[in-house]
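Coordinates in review
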Amino acid sequence: MKLLTTPEMRSAAVVLRDMGEIPYGAWSEEQKSAVSLRCNNFDVAGMFVQSKMASEELIADGWTSSIQETYRIAGPHIAALRERFKNDTHWRYFEQLAIGSGAIGHTQPEVASAEPTSSGGAGITAPRP
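A quick note: this is a predicted structure, and the numbers were derived from the prediction, not measured.

1. Here's the deal with helix 4 (residues 92-99)
In terms of residue burial, helix 4 counts as a mostly covered element, since six of its eight residues are buried. Those residues of helix 4 not exposed but buried are Tyr93, Phe94, Glu95, Leu97, Ala98 and Ile99. Summarising the contacts, the buried residues of helix 4 are in contact with helix 2 (29-50) and helix 3 (56-85).

2. A word on the pattern of salt bridges
As enumerated under the stated definition, the model contains five salt bridges in all. Residues Lys86 and Glu83 are paired through a salt bridge, measuring 3.2 Å at the closest nitrogen-oxygen approach. Judged by relative accessible area, which is 64%, Lys86 ranks as exposed. For Glu83, a relative accessible area of 23% corresponds to the partly exposed category. A single network of salt bridges, built from pairs that share partners, joins Glu21, Glu69 and Arg72.

Reading the values: the criteria
Residues numbered from 1 in each chain as written. Predicted model: local features only at pLDDT ≥ 70, side-chain atom pairs only at ≥ 80, totals over all residues. Heavy atoms only, no water. Buried < 20%, exposed > 50% of the residue type's maximum accessible area, 1.4 Å probe, protein only. Helix = DSSP H or I, 4+ residues; strand = E, 2+ residues; numbered from the N terminus. Contact = heavy atoms within 4.5 Å. Salt bridge = Lys/Arg side-chain N within 4 Å of Asp/Glu carboxyl O.

Written out as structure tokens, the structure reads:
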């Protein structure tokens, strides 16, 4: 739980909140780092839920809206990193928290549409369970 409440995580939330609808191609390195930090930490939380080390309800009680908002904004970044690393499961536990079938996933957040990555690959265009 400490991982989700660190000063860095709170600072990253502020950066994310202020991003609005900035197109992915215009994201600064600071913005990409903030989104990555939130994705990483929510991915760890998702691993704990998946392995039954934490209940989904516990995570849902405090972070449902943050998880879904981060996922909505992070869509193009997730797609770009999956393309870059040729790994379509990058941050999959975070994604499962955001769109899974449990307490957090009762409503699917709309993912920000992704622009093509620098390598020409397509990004995430719709959430996938």
